[in-house]
Amino acid sequence: MNQLIQAQKKLLPDLLDVMQKRYKILQYIRLTEPIGRRSLAASLGISERILRAEVQFLKEQNLLEIKTTGMILTLEGSNLLKVLEDTMKDVLGLTHLENTLKERLNLDEVIIVSGDSDQSPWVKKEMGRAAVACMKNRFTGENIVAVTGGTTLEAVAEMMTPDSKNRKLLFVPARGGLGENVRNQANTICAHMAEKASGTYRLLFVPGQLSKEAYSSIIEEPSIKEVLQTIQSSSMVIHGIGDAKTMAERRNTPKEDLKKIEENEAVAEAFGYYFDRHGEVIHKVHSVGIQLEDLDSIPNIIAVAGGSSKADAIEAYFKKPRNTVLITDEGAAKQLLREASSLNIN
């Protein structure tokens, strides 16, 4: 396949350009349908005149349908996207990028979607769609799925669909999060994901940050203890990786802790832990839920994080060995490898 694509790039470069453009149009419609032509043109940075011609062609090929509410994919269009996914990864150079990043981060599996979610918000939805596919590939007969909070995990929840094999799915929040933006709380995302997956859920009503005394007391509460035991029995964890400073400010971190995070040059955050560039934990929030050491006993762990601005955070988190599948985007992957190349030169 790679040889054929390389030959096409030499002999028919225009053909591949047209293929990429039409694939991107179908891909975006899949994520946002129904969508109007004007909104689609603005989102993809294509003039309405050019898009009109492309939409007409795709309609004639029975790949999309135009309704009063907007454009949607036909079944044939959806099936074509599935068939083309691996081929387009080769065309766009994503397969090579995945293999390079796997080696760089010492991971068994990396999944990269095209685009940069910092520049194009729809790319976050594409990461969400890839995450859902990855989760479904790893579901067993009975599943307890622990979910963290954040805007990226919200996108995963939005792209979730019912499991065609009707396996048992129980979703739980990976950690407490009351006090944060309600929309981004693990509880909210957990419930949303369960609803979209036709599964069930349990919630954890505790703040995201606690004093040592409050933490010791609250984990002994019977109702909290029961939910916590379920969370720690998770068969899968899906989580984000945040920029340390952004996450600290978002959580209204106390000044003394914020000073510690800044002075120790933390760059990444996950599960309430803050990591420096070497992957060392320099600060930990006392929160109820999954702790870093709990990950050793959980068989399936999926991290979802993208955007070129997240490159440093992703690299820092994976400085230590992680039995984790990374789902990211082209922007983060290229920035991470660009920085790595720069360090090697210097």
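In the block above lies the structure referred to throughout.
The notes below deal with the structure included here. Keep in mind it's a predicted model, so treat the numbers as computed, not measured.

On to the pairing of strand β13 (residues 325–329). Two faces, one strand: in a regular strand the side chains alternate between the faces of the sheet. Across the 5 residues of β13, 5 count as buried, placing the element largely inside the fold. Sheet analysis places strand β3 (residues 109–113) next to β13, joined by 5 bridges and oriented parallel. Each residue of the ladder has a partner; that of Val-113, found in β13, is Asp-329.

Where strand β1 (residues 64–67) lies against strand β2 (residues 70–73), 4 bridges are found, and the strand directions are antiparallel. Along β2, the bridge assignment pairs Glu-65 with Ile-72. In sequence, β1 turns back onto β2 through a hairpin of 2 residues.

A word on the environment of Val-182. Within the secondary structure layout, Val-182 lies in the loop between β5 (168–173) and α9 (186–197). The exposure class of Val-182 is exposed, given its relative accessible area of 55%. Residues Val-182 and Gly-149 lie 33 residues apart in sequence; the distance between their C-alpha atoms is 9.6 Å.

What follows deals with the sheet that holds β3. Here 7 strands make up an open sheet; going across it, the order is β3-β13-β12-β7-β4-β5-β6 and the pairing parallel. Strands at the two margins of the open sheet, each flanked by one partner only, are β3 and β6 (200–201). Across the face of the sheet, helix α7 (residues 122–138) comes into contact with β3, β4 (142–147), β5, β7 (236–239), β12 (300–304) and β13 while running at roughly 160° to β13.

The subject of this paragraph is the nonpolar core. Ranked by internal contacts, the top residues of the largest apolar core, which has 54 residues, are Met-135, Phe-171, Ile-238 and Ile-327. For this core, the element with the most residues is α7, which contributes 8 residues. Apart from residues lying up to four places away in sequence, Met-135 is in contact with Val-145, Val-156, Met-160, Phe-171, Met-193, Met-236, Ile-238 and Ile-302. Counting residues in each nonpolar core, the second largest holds 46 residues, with Val-110, Ala-174, Ile-314 and Leu-337 among its members.

In the structure shown here, the tally under the stated rule is 3 aromatic pairs. Judged by centre distance (5.4 Å) and plane angle (80°), the rings of Tyr-28 and Trp-122 are edge-to-face. Of this pair, Tyr-28 sits in helix α2 (residues 13–32) while Trp-122 sits in helix α7, placing them 94 residues apart in sequence. Each of the two residues, Tyr-28 as well as Trp-122, counts as buried. Centre to centre, the rings of Tyr-317 and Phe-318 are 5.1 Å apart; their planes meet at 80°, and the pair counts as edge-to-face.

With that settled, consider the layout of surface pockets. Rolled over the atoms, a probe sized like a water molecule indicates the empty space that remains. By volume, the largest pocket amounts to about 840 Å³. In terms of lining, the largest pocket is formed by 34 residues, of which the most central are Arg-30, Glu-85, Arg-129, Ala-130 and Ala-133. Taken together, the elements giving at least two residues each to the lining of the largest pocket come down to α2, α5 (75–91), β3, α7 and α8 (151–159). For the lining of the largest pocket, the element with the highest residue contribution is α7, accounting for 10 residues. Class assignment for the residues of the lining of the largest pocket results in 15 nonpolar, 5 polar and 14 charged. In this model, the second largest pocket occupies a volume close to 520 Å³. Considering the residues around the second largest pocket, the lining is formed by 34 residues, among which Gly-150, Gly-242, Met-247, Arg-250 and Lys-310 are closest to the centre. Of all the secondary-structure elements, those providing two or more residues to the lining of the second largest pocket are α8, β8 (242–243), α12 (244–250) and β9 (268–270).

The rules behind each value
- Residues numbered from 1 in each chain as written.
- Predicted model: local features only at pLDDT ≥ 70, side-chain atom pairs only at ≥ 80, totals over all residues.
- Heavy atoms only, no water.
- Buried < 20%, exposed > 50% of the residue type's maximum accessible area, 1.4 Å probe, protein only.
- Helix = DSSP H or I, 4+ residues; strand = E, 2+ residues; numbered from the N terminus.
- Pairing = 2+ DSSP bridges.
- Contact = heavy atoms within 4.5 Å.
- Axes fitted to C-alpha atoms, helices over the stretch in contact; angles between N-to-C directions.
- Core = buried A, V, L, I, M, F, W, Y, C linked by side-chain atoms within 4.5 Å.
- Phe/Tyr/Trp six-rings, centres within 6.5 Å; stacked < 30°, edge-to-face > 60°.
- 1 Å grid on protein atoms, 1.4 Å probe; cavity = no way out; pocket = protein on both sides within 12 Å on 5 of 7 lines; lining within 4 Å.
- Points joined across faces, edges and corners; volume = space filled by probe spheres on them.
- Nonpolar A, V, L, I, M, F, W, Y, C, P; charged D, E, K, R; others polar.

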